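Residue-level listing of the chains:
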Amino acid sequence: MLYAFVLPASQEAEARAILLCCGTCAAPRRYGAPAHCPGVALITRGGQDVVDPVEQVVGELVDELDARFPYAAALLSGASGIQISDNGSEQDATETNPSRGIVFTVYDGAAFQEYATSDLDAARLASGVRAWAGRLSLRPGGPPIAGVDREAGPAPERLTFATQMEMDPAAVPLSEKLGLMRDIQRRARALDARIVQAQARYADQTQHSVYIGRGRWLAQDVTRAVFAIIIAVSDGTQVRYHYTINGKTAGFEVTRIGEEELRRTADTALRLLEAERIEPGEYTIVTDSSISGTIAHESFGHGVELDLFPKGRALSQKYLDRQVAAPMIQMYDDPSYTGGYGSYFFDDEGEVARPTQILKDGVFVLPISDFAAATYAPGTHTPNGRRQDFTRKAYARMTNTFFGSGDTPPEVLIAGVARGVYLRSAESGMEDPMGWGIQVTAHYGEEIVDGQPTGRLFAPVGITGYVPDVLQSIDAVGSDFELLGGGVCGKGHKELVPVSTGGPHLRMKARLG
Amino acid sequence: MLTENETRAHEALAPEVLGAALAATPGADDWQVETLRDEEAQVYLIGDRVEAVRTVTNERARVTVHNDHTPRDSEMGARARGMTTVTLLASDAADPARLAQRLGDAVTVASLTDNPPFGLPEPPDQGYPAVQTVDPALAGDVGAALQETMARLRAAAAREQNVRLSSAELFVTQTARTLRNSHGVAGASRGTRVMLDFVLITRGAGGREAEFHGEFTRRRLEDLLVEGTVAAYATFARHSLDATTPPTYEGPVVLSGEAIAGIFNPGLGLGGPYAFHTSAEAAYQKLSRLAPGEVITGEEPRGDRMTLLSDPLRPFGVQSNAFDGEGLPAARLALIEESVLARRWADTRYATYLGVPATGAYANVTVLPGTSDLAALRSATEGPVYEIVAFSFMNPDPISGDFVAEIKLGYRHGATGTQPIKGGSLAGNVFAAFADARLSRATYSDGTYYGPAAVRFGSLTIAGA
């Protein structure tokens, strides 16, 4: 469905910037992505927003704070949705974590002060915020706020954005969702007698958020939907499993799965019963999109989060405008990518979504930033300020992070490997922004001999290495592109936010174990 | 002290109020109400400078509704039970019409899911045990305690040569919790929790730098052991600067400190393979590789045998609680005894399905220590031994138990002494590895894990240079 575009003139340029990102369309050319980008919904509307009743009060409170401090803003946030699962013998349907609340932020001249609460009663909120603010005062001596772009002019009009969907989950009856999961589960279970469990999972969540500050009043409903089928098999002595997952900013359409994909998932699980541990060593590898994306995420994703720079934690700080990857490497973070699981219309600090090119021709050109970090480094503010929820601080965080495509068909990448491993299905990864180590775990890998996959599987497979060595060893970039969502990213081991990763197939050298 | 406004908010979520509303909700055949109120103070440092200060109040009620109905699927039997959970804020509960609608919607959702019937816990005959979960040091001025801890952290870092504090985060949380169900269970508990995250950076010759990052959750401030932890991590940072990538290797490997704790407590809320395979749920779903009475290692252990308990009673354990999420009383439970699966932990649902006693949720994990000295475990008389003290991310596969993790820091013990290593990865299987293991007498705790400070495994594989 499409929404009408209703733009106040003063913010039209900013909104148009979003449309240019996601319209018909620069993105495919930039990233080599399939031309699937139908545009973004930008609307003003009323409706059942859970935070509406207190917005007016919040606006007044922000105005009060703004008159006293160099920076003041508020973010209302909440979520609604359902997660369901069916494993054949059990069904579950329950609300996704709503985590509703509000956070007020001021910069008092020395530090950021925040007041966060789940109490959305307007009178109690006003009383609580005023009591908190009454204990604060301007404290000169800290780094000055720099580079804060503020909308000028009269009080802002409220802009509302919403995810475009083919099938709005709110319009699909729960009985239909449960019925489809049971059907998929049964179809999968029937594929082979060695399947001990097939579990179909689906979750949708619409995150409502409203940012008021810097002369902006922005509201968005970002709907994320995830479908997964997990197939566990046993040969009587061991259990192995494989899965297919599809997570996007989208609607119930993510549940579409064909018989061929179900069969492929089951076949891979069965083949994993014969998987071996890989002989440790350095290999020529070909990575699928999920592994390529996780490498991007852990290397020059986490490694270029600007909030690490003032802490002296990012080695990349010394490599700005320097070659860090092979010259054919382009890398992006783009919260405006249509359908990306990490997408949104504005970040948790009111910065409108737009793409950031991190690596250009293998050169590190721009970090990603949150508001606080950008105030110390003018000109670097990107729309990457994200909170796990209202109870947590905003940090510089990734969204949809990926390598740009090249011009080599994936089958040609594989054909060029005399002896190596084709790595599939990323499971997890870990960053090391100062030491530039990297850890990525693949669910499995398949041996390549003389340019052909042999069918011999290894599982699991760990990839480790020194980031520049890994990125500079890339000798071919696939012409394909896939963005994979449904996962979350942590800052260390906490602060989880939804993200996607992806890109094309890549060929490189890495240490496997 | 709650303000008048805050008291009103609390009353709207009072369990007796919500219980009465549920009792009046048609189709709510069973129910549970859990209220949670977290008061949290957070402070963030960049170097010596305070970057941010936050105060957080999060109050909500989690309401679980059960509905009994005729199943859509005849294979299920005559009756099915469905359940769902919704989260209510004070603003939901304060409006009777809105509350009735939310509860009615929950019944509708529950009525659409079909599961074999199961019941809810009854009130325990002996009541709930007393479990220590509140730090007395946080009973007073939380802000002052927080500032003092940060000052100690800064001072401890300042004492370390060639080391600086890059950043730090300290959260102090006070939690109040109540739980009621339609069978008469009624419990209340309080707890405190502290989370410290810090990064130390060291500088070496030629301006080279290395960092070491620590993240610690405890119930009490004193259990953070600030000065000792900073000293240890400063040493780790300095060793990281000189560490080299180990060679590819197969042989004895010692895991110590957080590296061995990570095998049993991977973090991120992940239970890990031991929690999964000792559960009644895994057995019911035919996914458990373990069977009661059988050794967990697949072959008779050649070294020390391992005994593992779930222990919600441990004083100030991070997972300690007088009752679990459905009101079952806390009880210490030996799941693995002498490397044999002794029993499974089970919530009421899976206990009913398997016909075993309901034990309560998996809690703190305790592994009984062994008898070996740390020096004996590190002995390299028969060739080099590698010891790993920290992984980048130990995330073993919960079903297979296989793991492969990057080495964040370790040591090579050999005839020529001890050298630091980092990089490469260690691979193995968390069950098979204990077929040949020796456990230290010295113990270590990360707040959830308590057990041997080090375990020497007979043969694991390092993928190195």
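Source: prediction; values computed, not measured.

Caption draft 1: Quick peek at the overall build of chain A. If you tally the helices and strands in chain A, you get ten helices and 24 strands. The 513 residues of chain A split such that 64% are buried. Taking the intrachain contacts of chain A between residues at least 6 apart in sequence as the baseline, contacts between residues at least 24 apart amount to 75%. Roughly 17,700 Å² of accessible area belongs to chain A as shown, and the carbon and sulfur atoms make up 52% of that amount.

Caption draft 2: Spatial organisation of helix α7 (residues 289–299) of chain A. Burial analysis of α7 of chain A places eleven of its eleven residues in the buried class, the great majority of the element. Among all positions in α7 of chain A, only Ser 289, Ser 290, Ile 291, Ser 292, Gly 293, Thr 294, Ile 295, Ala 296, His 297, Glu 298 and Ser 299 of chain A are buried.

Caption draft 3: Focus on the environment of Gln 147 of chain B. Along the chain, Gln 147 of chain B falls in helix α5 (residues 142–158). With 95 residues separating them in the primary sequence, Gln 147 of chain B and Ala 52 of chain B have C-alpha atoms 13 Å apart.

Caption draft 4: Geometry of unusual backbone geometry. With omega at -20 degrees, the peptide bond leading from Ala 459 of chain A into Pro 460 of chain A counts as cis. Summarising the element assignment, Pro 460 of chain A is placed in the loop between β19 (452–458) and β20 (461–466).

Caption draft 5: The pairing of strand β8 (residues 216–234) of chain A, seen in detail. All names here are of chain A. The element β8 is extensively covered by neighbouring structure, given that 18 of its 19 residues are classed as buried. Here strand β6 (residues 159–162) runs beside β8; their pairing, made up of four bridges, is parallel. The partner of Thr 160 across the bridge, within β8, is Ala 219. Relative to β8, strand β7 (residues 195–213) runs antiparallel, the two sharing 18 bridges. By the bridge assignment for β8, Gln 207 is matched with Val 222. Here β7 folds back onto β8 in antiparallel fashion, the turn holding two residues, of which Arg 214 has a positive phi close to 50 degrees. Two strands pair when backbone bridges link them, and β8 and strand β9 (residues 239–248) are joined in this way by ten bridges, in the antiparallel orientation. Note that in β9 the partner of Ile 231 across the bridge is His 242.

Caption draft 6: Spatial organisation of the pairing of strand β3 (residues 80–88) of chain B. Residues and elements named next belong to chain B. Across the nine residues of β3, nine count as buried, placing the element largely inside the fold. Examined bridge by bridge, strand β2 (residues 49–69) and β3 share nine bridges and lie antiparallel to one another. By the bridge assignment, Val 63 is partnered in β3 with Val 86.

Caption draft 7: View of the pattern of salt bridges. Per the stated rule, a full pass over the model turns up 61 salt bridges over all chains. When the shortest N-O distance is used, the salt bridge between Glu 209 of chain B and Arg 203 of chain B registers 3.1 Å. According to the relative accessible area criterion, Arg 203 of chain B is partly exposed, its value standing at 47%. Put simply, Glu 95 and Arg 100 of chain A together with Asp 92, Arg 98 and Arg 102 of chain B are held in one network by salt bridges that share partners.

Caption draft 8: Expanded view of the nonpolar core. Ranked by internal contacts, the top residues of the largest apolar core, which has 45 residues, are Phe 300, Leu 359, Leu 423 and Leu 471 of chain A. Among the secondary structure elements, those contributing two or more residues to this core are α7, β12 (356–360), β17 (419–430), β18 (437–449), β20, α10 (467–472), β23 (494–503) and β24 (506–512) of chain A. Counting residues per element, this core draws most heavily on β24 of chain A, at four residues. Excluding anything up to four places from it in sequence, Leu 471 of chain A contacts Ile 295, Ser 299, Phe 300, Val 324, Ala 325, Ala 326, Leu 359 and Phe 403 of chain A. Grouped together as the second largest cluster of nonpolar side chains are 42 residues, Phe 264, Ile 407, Ile 421 and Tyr 449 of chain B included.

Caption draft 9: Representation of the side chain of Arg 158 of chain A. All names here are of chain A. Mapped onto the secondary structure, Arg 158 falls in the loop between α4 (122–134) and β6. Its relative accessible area of 18% is what places Arg 158 among the buried residues. A polar contact is formed between the side chain of Arg 158 and the side chain of Glu 55, at a distance of 2.7 Å. Here Thr 160 takes part through its side chain, which lies 2.8 Å from a polar atom of the side chain of Arg 158.

Caption draft 10: View of the sheet that holds β12 of chain A. Residue and element names in this part refer to chain A. Taken in spatial order, the six strands of this open sheet run β13-β12-β11-β16-β23-β22, and their pairing is mixed. If you trace the sheet from one side to the other, it starts and ends with β13 (363–364) and β22 (482–491), each paired once. Across two bridges, the pairing between β12 and β13 is antiparallel. Bridged to Leu 359 within β13 is Phe 364. In the packing of α7 onto the sheet, contacts are made with β11 (331–333), β16 (400–403), β22 and β23, and the angle to β23 comes to roughly 130 degrees.

What counts, and at which threshold
Residues numbered from 1 in each chain as written. Chains lettered and ligands numbered in written order. Predicted model: local features only at pLDDT ≥ 70, side-chain atom pairs only at ≥ 80, totals over all residues. Heavy atoms only, no water. Helix = DSSP H or I, 4+ residues; strand = E, 2+ residues; numbered from the N terminus. Buried < 20%, exposed > 50% of the residue type's maximum accessible area, 1.4 Å probe, protein only. Contact = heavy atoms within 4.5 Å. Areas by Shrake-Rupley, 256 points an atom, 1.4 Å probe, with all protein chains shown as cover. Pairing = 2+ DSSP bridges. Salt bridge = Lys/Arg side-chain N within 4 Å of Asp/Glu carboxyl O. Core = buried A, V, L, I, M, F, W, Y, C linked by side-chain atoms within 4.5 Å. Polar contact = N/O pair within 3.5 Å; in protein donor to acceptor, adjacent residues only side chain to side chain. Axes fitted to C-alpha atoms, helices over the stretch in contact; angles between N-to-C directions.

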